[in-house]
Amino acid sequence: MTDLSDSRVPTLLHERADFYLTLARSFLTPQTQAHCRAMVDYLADDLADLDRSLTYGLEAQVAALRVALSKLADHEELLLEYSRMFLQPPCEVALNVCYPLDGAMMGGTVSEIAFFYRHYGVERGDHFKDLPDHVSVQLEFVSYLYGRAAQGLESGTPDTEAEKAAGQFLHAFVRRWIPHFEAGIEKAGRSLELKSNPYLPLARVLAIGTQRDAVANPDWGKPKKRVEVAMDKARHVHASRGITPQDMADIERILREKGLGTDHLHLALDQRNEALLGLSARVGRC
């Protein structure tokens, strides 16, 4: 955790906010030429500049990122590689990164993340049509917390809780899913024979930053207890009523809005996970 007696704390907290926001945007779909150019022309330099202050030790991964991005000729190639890895079923890498932890979409970890957002007054924007555990949503939330802590110090009203919350969120969630995410990206780069895989060094950059910044906050115990009560109630409600036709219609609508296929929704439940992610359904998960 940052030393709050350090006179440069506001600057360092702002730079941590920039670091996680930069990574959040890097894992969004590169839908526009401007997004692609920002990644190719500025991303590696921005991360290198941040690393000079934050001293994460990112030199090797930033160099690998430069090489990977240099192999992509244009926006279409970056979008193609991104789509093949993250969007086209059967996907080897889920951007809803809590799937490997829970063995299902919208599992207990996702409920806990959503509660964490609400506890700190944050709701996903209506323009973002994805689940709370999307990698970019989580990283933008960490950025928000660090930015809030920095602004509090600058205004003379320190918000140490926001900085502690950022460390706790990284500890409780990102630290747990990042090994699965990184391994999936590495595997996909090989199995899909991608022309280039800039997302692997980006995942490793995130892993290094998370390892440094993740700090457990013992004070989170009381809010977390309320999360567990809410999760138990939600499990009971959904178990008793099952999945309704309206639930399925909502899922199909969201997938279509994202330009994704919906054929797998009409498969039997025991075949659906395999169709979506190439994984077998887990039995007796903890």
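Above: the structure in question.
Predicted model, so just to flag it, every value in this text is computed and none were measured.

Caption draft 1: Local environment of the overall build of the chain. Of regular secondary structure, the chain possesses twelve helices and zero strands. Counting every position in the chain, which comprises 286 residues, the buried fraction comes to 45%. Considering only contacts in the chain between residues 6 or more positions apart, those separated by 24 or more positions represent 73%. Summed over all atoms, the accessible surface of the chain reaches about 14800 Å², with 53% contributed by carbon and sulfur.

Caption draft 2: Representation of the nonpolar core within the structure. F19, F86, W177, F181, I185 and Y199 are the most contacted members of the largest nonpolar core, which totals 69 residues. Where this core is concerned, the elements lending two or more residues are α1 (9–26), α2 (33–54), α3 (59–70), α4 (75–87), α6 (108–119), α7 (135–155), α8 (160–191) and α9 (199–213). When residues of this core are assigned to their parent elements, the largest contribution, 13 residues, is made by α8. The contacts of F181, once residues within four sequence positions are left out, are F27, F86, V93, A94, L95, V97, V135 and A203.

Caption draft 3: Here's a closer look at the packing of aromatic side chains. On inspection of all chains with the given rule, the structure shows 19 aromatic pairs. Measuring from centroid to centroid gives 5.9 Å for F116 and F141, while their planes differ by 85°, and the two rings are edge-to-face. With F116 in helix α6 and F141 in helix α7, this residue pair connects regions lying 25 residues apart in the sequence. The pair F116 / F141 is uniform in exposure class, with both members buried. Ring geometry for F141 and Y144: centres 6.4 Å apart, planes at 25°, overall stacked. Taken together, the residues span about one helical turn, with F141 and Y144 both in helix α7 at a distance of three residues. In this structure F141 comes out as buried when scored by relative accessible area, which is 3%. Y144 sits in the partly exposed class, given a relative accessible area of 34%. Among the aromatic side chains, those forming a connected cluster through ring pairs are F116, Y117, Y120, F141, Y144, F169 and F173.

Conventions we followed
- Residues numbered from 1 in each chain as written.
- Predicted model: local features only at pLDDT ≥ 70, side-chain atom pairs only at ≥ 80, totals over all residues.
- Heavy atoms only, no water.
- Helix = DSSP H or I, 4+ residues; strand = E, 2+ residues; numbered from the N terminus.
- Buried < 20%, exposed > 50% of the residue type's maximum accessible area, 1.4 Å probe, protein only.
- Contact = heavy atoms within 4.5 Å.
- Areas by Shrake-Rupley, 256 points an atom, 1.4 Å probe, with all protein chains shown as cover.
- Core = buried A, V, L, I, M, F, W, Y, C linked by side-chain atoms within 4.5 Å.
- Phe/Tyr/Trp six-rings, centres within 6.5 Å; stacked < 30°, edge-to-face > 60°.

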